[in-house]
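Results of the structural survey
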Amino acid sequence: MAAAETLSTAPFSLDSYHVSEELGFILPEPLTELPPYYQPWMDIALRVPELVHSHELRSHINRMPLLSTNILQKHRELRLAHLALSAMTMGYVWQEGENGTVEILPCNLAVPFWEVSQRLGVPPILTHSDGVLANWRKKDPEGPFDMENLELLVRLPGGDSVRGFFMVTLLVELAAAPALRNIPNVINGVKCGDTAAVARALEDISQSLQDMTDIFKLMQVYVEPPVFYGIMRIYLSGWKDNPSMPKGLVYEGVQTEAMEYSGGSAAQSSLLHCFDELLGVKHGEKSGAFLTSMRNYMPPAHKQLIQDISLQPSLRGFVQQQASERLNQAFHLCVTRILSLRSYHINVVSRFITVPAARARQLRKQGLDLEGEMISRAPTALEERGTGGSGIMTFLKDVRDQTKDALLPETSKEMNLPLTVLTDDTQQSVDDIT
């Protein structure tokens with residue numbers, strides 16, 4: 001009872017959730033080097049694209065020494081180790097494509113990867129927190145946090161598009177930082193009945209959501225769809241709900257039974273989970289179960305934040321009880337901007353997955369020589385699925401439509417929502433090849 005009372009009466013704060021005031025969920029100042037003992041890991045991890053291209057990554061990893069993880073003590077050391085080990089793992093599994101996968105990850109990689117994962121509380125596979133949140137450095141430490149001044153620590157195959165994909169996603173996370181800072185203002189304002197404070201915080205959150213969508217649009221500037229679909233995507237894929245690896249993956253030296261883990265997914269970002277819980281967005285049984293499962297791929301403190309937001313007094317109920325037009329409009333704007341973000345995500349998935357997949361099917365159907373077509377290298381088993389294992393378009397549309405249900409009935413009747421899923425040129429592209 002005491003814990004419940006503390007939860008309901010104490011001011012809500014982000015202090016215990018590993019959330020940076022300036023960077024949100026992004027890991028501040030990631031390390032670029034591990035202690036010298038781990039140089040054999042870094043020597044290989046920094047060459048993953050090159051070694052995959054030459055088909056030598058597996059042989060290099062097979063000769064790698066089995067290193068103890070005991071020297072790793074600091075959180076940032078563990079995060080860099082997890083990033084390096086996960087990049088090696090994705091390259092090892094997918095080096096020869098969907099028809100040349102392995103069933104066993106060798107113990108000299110599997111055992112330390114498992115141990116580091118256990119200490120961090122995340123699975124032994126590449127996650128959003130690896131590839132995005134902990135995989136960056138500034139070229140000029142005193143320079144701005146922008147595309148020109150950012151570089152990846154560890155890369156996967158895909159050249160400049162890999163950098164673009166992870167860096168744009170990183171900047172979307174950065175744009176969300178002001179919204180995260182305002183979540184306690186909303187919760188505490190609801191608790192003490194301060195309508196004006198809640199409205200102000202929601203207005204700041206809605207602006208941050210707009211900024212996230214605007215930055216997300218850089219994806220089509222910095223990432224080439226054929227490269228994403230034909231080269232990058234397989235290295236983000238996991239061994240759960242993946243027909244290319246129906247038995248999962250045995251982590252040698254950890255346990256004899258195969259394990260299954262989902263690949264990296266936007267659903268592993270804690271951002272929209274937090275906003276959904278704050279705004280009272282409820283997801284259906286199937287989509288909700290997938291989203292909940294993705295929380296197991298987040299750093300535990302971030303997962304706990306989402307859970308604790310869900311236990312706070314209902315913001316939606318508070319808005320409905322207040323006779324405040326400003327509060328109503330601020331709440332409505334937040335929901336509509338999440339809708340816009342999710343609609344644009346559907347647009348991006350269409351450009352980067354649906355259209356290339358349709359093109360690849362068309363070429364196969366016509367029996368054309370596919371050697372010159374980059375998209376032909378993509379795994380056919382993933383044509384209709386996301387890297388996290390979900391049926392991608394159906395899932396995204398369901399989540400978008402469920403978000404719409406969070407709108408207040410009287411407000412949503414007054415305003416027509418611009419919920420265009422695809423731009424005209426993207427829709428035309430789909431129509432032309434399906």
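As the structure is a computational prediction, the values presented were derived from the model and not from experiment. (Residues numbered from 1 in each chain as written. Predicted model: local features only at pLDDT ≥ 70, side-chain atom pairs only at ≥ 80, totals over all residues. Heavy atoms only, no water.)

**Details of the side chain of S20**
Along the polypeptide, S20 turns up in the loop between helix 1 (2–9) and helix 2 (39–45). Owing to a relative accessible area of 18%, S20 belongs among the buried residues under this scheme. (Helix = DSSP H or I, 4+ residues; strand = E, 2+ residues; numbered from the N terminus. Buried < 20%, exposed > 50% of the residue type's maximum accessible area, 1.4 Å probe, protein only.)

**Quick look at the nonpolar core**
Counting residues in each nonpolar core, the largest one holds 135 residues, and the members touching the most others are W41, M88, L202, W239, F275 and L315. The greatest single-element share of this core, amounting to 15 residues, is contributed by helix 17 (residues 325–365). When residues no more than four places from it in sequence are discounted, the contact partners of M88 are W41, I44, A45, V48, L57, I61, M64 and L109. (Core = buried A, V, L, I, M, F, W, Y, C linked by side-chain atoms within 4.5 Å. Contact = heavy atoms within 4.5 Å.)

**Notes on the packing of aromatic side chains**
For the structure shown, the criterion picks out ten aromatic pairs. Aromatic side chains W136 and F145 sit 4.8 Å apart centroid to centroid with 50 degrees between the ring planes, which places their arrangement in the tilted category. The exposure class of W136 is buried, given its relative accessible area of 6%. One aromatic cluster is present, built from ring pairs that chain together F165, F166, F228 and F352. Across from the ring centre of Y92, 5.7 Å away, lies the NZ or CZ of R58, which sits over that ring. A cation sits over an aromatic face here: K217 above Y344, 5.8 Å from the ring centre. (Phe/Tyr/Trp six-rings, centres within 6.5 Å; stacked < 30°, edge-to-face > 60°. Lys NZ or Arg CZ within 6 Å of the ring centre and 35° of its normal.)

**Here's the deal with the confidence of the model for the protein**
Per-chain confidence: the protein averages 89 in pLDDT, with 86% of residues scoring 70 or above. Low pLDDT, under 50, characterises residues 415–434; the predicted model gives this stretch 35 contacts beyond four residues in sequence or across chains. (pLDDT = per-residue confidence, 0-100.)

**Describing the pattern of salt bridges**
Taken as a whole, this structure holds nine salt bridges when the rule is applied. Among the ionic pairs, R342 bridges to D276, the shortest N-O distance being 2.8 Å. Here R342 is found in helix 17, whereas its partner D276 is found in helix 13 (residues 270–279), with 66 residues between them in sequence. Under the relative-accessibility criterion, D276 is labelled buried at 6%. (Salt bridge = Lys/Arg side-chain N within 4 Å of Asp/Glu carboxyl O.)

**A closer look at the UniProt feature "binding site: heme b" (unreviewed entry) in the protein**
The feature "binding site: heme b" (unreviewed entry), as given by UniProt, occupies H345 in the numbering adopted here. Here H345 lies in helix 17. (UniProt positions renumbered as here; feature names shortened; annotations may be inferred.)

**Details of the layout of surface pockets**
Taken as a whole, the largest pocket holds about 1100 Å³ of empty space. Residue lining of the largest pocket: 50 residues in total, with S265, A266, A267, S269 and H345 positioned closest to the centre. Contributions of two or more residues to the lining of the largest pocket are made by helix 7 (128–133), helix 8 (160–175), helix 10 (195–216), helix 13, helix 14 (285–294), helix 17 and helix 18 (392–404). The element best represented in the lining of the largest pocket is helix 17, accounting for seven residues. By residue class, the composition of the lining of the largest pocket is 26 nonpolar, 16 polar and eight charged. (1 Å grid on protein atoms, 1.4 Å probe; cavity = no way out; pocket = protein on both sides within 12 Å on 5 of 7 lines; lining within 4 Å. Points joined across faces, edges and corners; volume = space filled by probe spheres on them. Nonpolar A, V, L, I, M, F, W, Y, C, P; charged D, E, K, R; others polar.)

**Examining the environment of L153**
Within the secondary structure layout, L153 lies in the loop between strand 3 (150–151) and helix 8. Sequence-wise, L153 and T32 are 121 residues apart; in three dimensions their C-alpha atoms are separated by 6.6 Å. Not counting residues within four places of it along the chain, the set of residues in contact with L153 comprises P30, L31, T32, L46, L80, L83, A134, N135, W136 and R137.

**Structural notes on the packing of helix 5 (residues 75–94) against helix 6 (residues 107–120)**
Interhelical geometry of helix 5 versus helix 6 gives an angle of 140 degrees and a closest axis separation of 9 Å. Classified by the angle their axes make, helix 5 and helix 6 are oblique. Seen along the crossing, helix 5 lies across helix 6 with a hand that is left-handed. Contacts between helix 5 and helix 6 involve H75, L78, R79, A81, H82, L85, S86, M88 and T89 from the first element and L109, P112, F113, V116, S117, R119 and L120 from the second. Class assignment for the residues of the contact of helix 5 with helix 6 results in nine nonpolar, five polar and two charged. (Axes fitted to C-alpha atoms, helices over the stretch in contact; angles between N-to-C directions. Parallel < 35°, antiparallel > 145°, perpendicular 65-115°, else oblique. Left-handed = near helix turned anticlockwise from the far one by under 90°.)

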